[in-house]
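Geometric and topological summary
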Amino acid sequence: MNEFKIAQREASNVNVLELRGYLDAHTAPKLEEAFQTLLKTNRTNIVVNCKDLSYISSAGLGVFMAYIEDVRNKSGDIKLTNMSNKVYNVFDLLGFPLLYEIFKDESEAVKKFNDKK
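Described in the following lines is the structure provided in the data block. (Residues numbered from 1 in each chain as written. Predicted model: local features only at pLDDT ≥ 70, side-chain atom pairs only at ≥ 80, totals over all residues. Heavy atoms only, no water.)

In this section: unusual backbone geometry. Across residues other than glycine, the phi torsion is negative in most instances, and most of the peptide bonds are trans. A positive phi is found at Ser-12, a non-glycine position, where the angle reads about 50 degrees. Checked against the element boundaries, Ser-12 lands in the loop between strand S1 (4-11) and strand S2 (14-23). The phi dihedral of Asn-13 falls on the positive side, at around 65 degrees, and the residue is not glycine. Secondary-structure assignment places Asn-13 in the loop between S1 and S2. Residue Asn-13 is classed as exposed on the basis of its relative accessible area, which comes to 56%. (Helix = DSSP H or I, 4+ residues; strand = E, 2+ residues; numbered from the N terminus. Buried < 20%, exposed > 50% of the residue type's maximum accessible area, 1.4 Å probe, protein only.)

With that out of the way, let us pick up the packing of aromatic side chains. Per the counting criterion, the structure on display carries 7 aromatic pairs. Site record: aromatic cluster; members linked through ring pairs are Phe-35, Phe-64, Tyr-67, Phe-91, Phe-96 and Tyr-100. Geometry around Tyr-100 places Arg-72 over its ring, the cationic atom sitting 5.7 Å from the centre. Its end group placed over the ring of Phe-113, Lys-79 keeps NZ or CZ at 4.6 Å from the ring centre. (Phe/Tyr/Trp six-rings, centres within 6.5 Å; stacked < 30°, edge-to-face > 60°. Lys NZ or Arg CZ within 6 Å of the ring centre and 35° of its normal.)

Encoded structure:
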């Protein structure tokens, strides 16, 4: 079984989720739980750092689609960063760049949230 881990931290009032490993049907519930926890505590400015994300399946992509509306309804957003070309191509193929802001670097995404205030 492939490993998947999420590290969570705060950076300048933004919640950063660092994804590591394989995000598939078996591991997607961990990401769901992380989003649910953030939503329950009204922490909706979320940056997902994909630097160490090796693989994402349709189940993983579905988690992002399932939570973006709830996050935006609470005046927040999910911004994606640090994707490898392989992972970016999957997001791009399904049109995610039209729905999500994708940054090369985490600090750019954090700055975008803080510039909005």
